[in-house]
Amino acid sequence: MIQVKNVTKKYGKFTAIDNISFEVKDGEVVGLLGPNGAGKSTTMNMITGYIDSTAGQILVNGVNVEKRPRKAKKQIGYMPESVPLYTELTVKEFIKYMAQLKLVKRKELKSEVNKVIEEVGLKDVENKLIRNLSRGYKQRVGIAGALVGNPKVIILDEPTVGLDPKQITEIRELIKKLGKSHTVILSSHILSEISQICENVIIINKGKIVAIDTPSNLEKKTSNKNIISLTVEDKKGNMDKIKDKINDAKEVKLIKDNEDGTKQYQIISEENIDLRKKLFEILPKEEIVIFELKKEESTLEDAFMSLISDEKNTDKKEEKR
Amino acid sequence: MWPVFKKELKTYFLSPIGYICIGIFLLVFSTFFYMTTIQSISIDLGYLYFYTAQYGLLIITPILTMRLFAEERKNGTEQLLLTSPRSITGIVLGKFLAAVIVILIILIISFMYYVILTFFGEPNLVPTLIMMLGFLLLAMAAISAGMFASSITENQIISAIITIAFLIVPWFLLSISDGFSLINLMSSYSKFPAGILSTTEVVSLVSFTIMFLLFTIIVMRRRKTVK
């Protein structure tokens, strides 16, 4: 559906996007993830034909965006990061204008506009001036503008920025709904959002692709250790000897002395070894009372941080040279 | 082109801009009407159209054109336009025509001065229509220049100043050398007020218009690679 092939974007000497390639399949919901300034918006602007790439090519359904912009743009609905809207128009007028810009036929115009208003949940405010709407509604109008004309691909740049928690969940639900019938690319720097909505994640840092995978795979990949966090009451101080009793434990770390006399530990072992069963067997024998025992789940956040910091470390090394 | 045209025209009259423009123009027209016909006991509308063109357009053109592209660039709505399947040429022409229509409305209203004169004498209809045609061509050239100024900046004030400078600076340059009449729009509007349809002036004004329309299209196209 969307193929990005060896695309580079340079501003003068600064390279914003450095030779990236990826592919988005039909009906997929893909998240572009990266810290601020990583090149997410630039990538989206190039896919939507707002700016030209310096090198490489982008195909939407096999159509080159730069060579045949009209045909390619017809298939894309885009909501830019700043959610630009014509605030002097009413919601309905705006959506109608966007539909006309997107070559919706005159006969279908009215029904298409009403359908989108219904779909995005703007019925209550359809005759209000956009200028008077709250942030959450404006965001919906922006999404409606991207949606109208039924494009195959919907590209949303940071669709939930600046919303309150209730609005965020509403917009997420909306995006999930859209994902069933469209190909969706969205960008975000909120990780939980991506892991909830997206089937695939593309992590970008400093204009380069760091990883492309499903959220769960990314989580697995980056965790090469098994960490168990443990809260115990250990009156006789036997915890110090535990490491000798369990051979597979690589490290036993005291994390915190709690006020109620319990202690919190972290036990680290190799990836493929699960120590939980053993701990439950051995600790009572040593007269250690277990208050809590939990296997730490590695999150997308960990994956992201480790991928990004890997990059930083290599950068530093390069600088030292 | 048509959706952009319709939306822009609507915007002129959703905001006070359209009404302000028509109001200012009628004020200027009426003042000069009084001075050039009633006060000097004449039924020649030539001076009316000449002076209104010279001073009225100076005020109106920047008001009409300054927001056309600068506002879109500043608000980011430019992104909506440029990522839509519409061509840049269509967008530029749509905006241009919307501004021209406002001038056309003013011109149609200005026909009332001709009607008023018919009560006092027998003014010639054909020369008056030629004057109006000349006025329209002149306004189109000024608007295309103003639109070009709007496309190169995101600041409406700067755009307005560039437009005014473009219209006014040639007047002073003329006192240095007649050669500057080439860039002076008013130099191509000397025979129209006499009711004479001059091919030279029509071609000159139309070329001015096309040239600045092309400049605007080029600027908008280039933004894709520069931005």
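Note that the structure is predicted; figures quoted are calculated from it, not measured.

Counting residues in hydrophobic clusters, the biggest one holds 142 residues, and the most contacted among them are A:Phe94, A:Ile95, B:Ile103 and B:Phe135. A total of 14 residues in this core trace back to one element, the largest contributor, which is helix α5 (residues 88–118) of chain B. Residues in contact with B:Ile103, not counting those within four places in the same chain, are B:Phe25, B:Leu57, B:Ile60, B:Leu64, B:Phe135, B:Leu136, B:Ala139 and B:Ile143. Ranked by size, the runner-up nonpolar core spans 15 residues in total, among them A:Ile228, A:Met239, A:Ile246 and A:Ile282.

Now for the side chain of A:Asn45. Positionally, A:Asn45 belongs in helix α1 (residues 40–47). You can call A:Asn45 buried: its relative accessible area is 11%. For A:Asn45, the residues in contact, after removing those within four places along its chain, are A:Tyr50, A:Ile51, A:Tyr78 and B:Gln79.

Once that is clear, we can look at the pattern of salt bridges. Pairing between side chains of opposite charge can happen when their charged atoms approach one another. Inspection of the entire model under this criterion finds 16 salt bridges over all chains. Taking the shortest distance from any N to any O, the salt bridge between B:Glu78 and B:Arg73 comes out at 4.0 Å. Each member of the pair, B:Glu78 as well as B:Arg73, is classed as buried. What emerges from the salt-bridge pattern is a single network uniting A:Glu88, B:Lys7, B:Glu8, B:Arg67, B:Glu71, B:Glu72 and B:Lys95.

Below, the discussion takes up the interface of chain A and chain B. Contacts between chain A and chain B engage 26 residues on the former and 25 residues on the latter. Between chain A and chain B, a total of about 2,600 Å² is buried, with carbon and sulfur atoms accounting for 60% of that surface. When the area that chain A buries against chain B is broken down by residue, the three leading residues are A:Tyr50, A:Tyr86 and A:Leu101, summing to 27%. There are two salt bridges connecting chain A and chain B. The partner of B:Lys7 in a salt bridge is A:Glu88, and the shortest N-O contact between them spans 3.5 Å. Applying the counting rule to chain A against chain B returns six residue pairs in polar contact (both at pLDDT 80 or more). If you list the elements that add at least two residues to the side of chain A that touches chain B, you get β1 (2–11), α2 (69–73) and α3 (91–101) of chain A. At six residues, the largest contribution of residues to the side of chain A that touches chain B is made by α3(A).

Under the criterion given, the structure shown has 25 aromatic pairs over all chains. Centroid distance A:Tyr86 to A:Phe94: 6.2 Å. Interplanar angle 50 degrees. Geometry classified as tilted. Taken together, a centroid distance of 5.7 Å and an interplanar angle of 85 degrees make the contact between B:Phe212 and B:Phe215 edge-to-face. Here B:Phe212 and its partner B:Phe215 are both found in helix α8 (residues 199–226), three residues apart, which amounts to about one turn of the helix.

Take the packing of helix α6 (residues 125–151) of chain B against helix α7 (residues 156–173) of chain B next. Residues and elements named next belong to chain B. In the contact formed by α6 and α7, the axes pass within 8 Å of each other and the chain directions differ by 140 degrees. For α6 against α7, the interelement crossing comes out right-handed. Here Ala142, Ala145, Gly146, Ala149 and Ser150 of α6 lie close against α7, whose contacting residues are Ser159, Ile162, Thr163, Phe166 and Leu167. Among the residues making up the contact of α6 with α7, the classes are represented as six nonpolar, four polar and no charged.

As a further point, take the domain arrangement of chain A. Under the domain assignment used here, chain A contains domain 1 (2–220) and domain 2 (224–295). Computed from C-alpha coordinates alone, the two centres of domain 1 of chain A and domain 2 of chain A are separated by 47 Å.

In this section: the side chain of A:Gln100. Position of A:Gln100 relative to the elements: it lies in helix α3. When residues no more than four places from it in sequence are discounted, the contact partners of A:Gln100 are A:Leu109, B:Pro3, B:Lys6 and B:Arg86.

A separate point is the pairing of strand β7 (residues 153–157) of chain A. All names here are of chain A. The buried fraction of β7 is high, at five of five residues. Neither face of β7 is left uncovered, since the one carrying Val153, Ile155 and Asp157 and the one carrying Ile154 and Leu156 both have all their residues buried. With four bridges joining them, strand β6 (residues 76–79) and β7 adopt parallel strand pairing. Bridged to Tyr78 within β7 is Ile155. Judged from the five bridges that link them, β7 and strand β8 (residues 183–188) form a sheet pairing that is parallel. When the bridges of β8 are listed, Val153 appears paired with Thr183. A crossover links β7 with its parallel partner β8, the connecting element being helix α6 (residues 165–181), and its sense is right-handed.

Taken together, the side chains of A:Arg68, A:Arg70, A:Lys71, A:Lys74, A:Lys105, A:Lys107 and A:Lys152 define a basic patch exposed on the protein surface. Positionally, A:Lys107 belongs in helix α4 (residues 106–120).

Cut-offs used in this document
Residues numbered from 1 in each chain as written. Chains lettered and ligands numbered in written order. Predicted model: local features only at pLDDT ≥ 70, side-chain atom pairs only at ≥ 80, totals over all residues. Heavy atoms only, no water. Core = buried A, V, L, I, M, F, W, Y, C linked by side-chain atoms within 4.5 Å. Buried < 20%, exposed > 50% of the residue type's maximum accessible area, 1.4 Å probe, protein only. Helix = DSSP H or I, 4+ residues; strand = E, 2+ residues; numbered from the N terminus. Contact = heavy atoms within 4.5 Å. Salt bridge = Lys/Arg side-chain N within 4 Å of Asp/Glu carboxyl O. Buried area = accessible area lost by both parts, 1.4 Å probe. Polar contact = N/O pair within 3.5 Å; in protein donor to acceptor, adjacent residues only side chain to side chain. Phe/Tyr/Trp six-rings, centres within 6.5 Å; stacked < 30°, edge-to-face > 60°. Axes fitted to C-alpha atoms, helices over the stretch in contact; angles between N-to-C directions. Left-handed = near helix turned anticlockwise from the far one by under 90°. Nonpolar A, V, L, I, M, F, W, Y, C, P; charged D, E, K, R; others polar. Domains from an automatic or database assignment. Pairing = 2+ DSSP bridges. Right-handed = clockwise from strand over helix to strand, strands pointing away. Patch = residues over 30% accessible without salt bridge, like charges linked within 9 Å, V, L, I, M, F, W, Y side chains within 5 Å. Areas by Shrake-Rupley, 256 points an atom, 1.4 Å probe, with all protein chains shown as cover. Lys, Arg positive; Asp, Glu negative; His and termini not counted. Charge placed at Lys NZ, Arg CZ, Asp CG, Glu CD.

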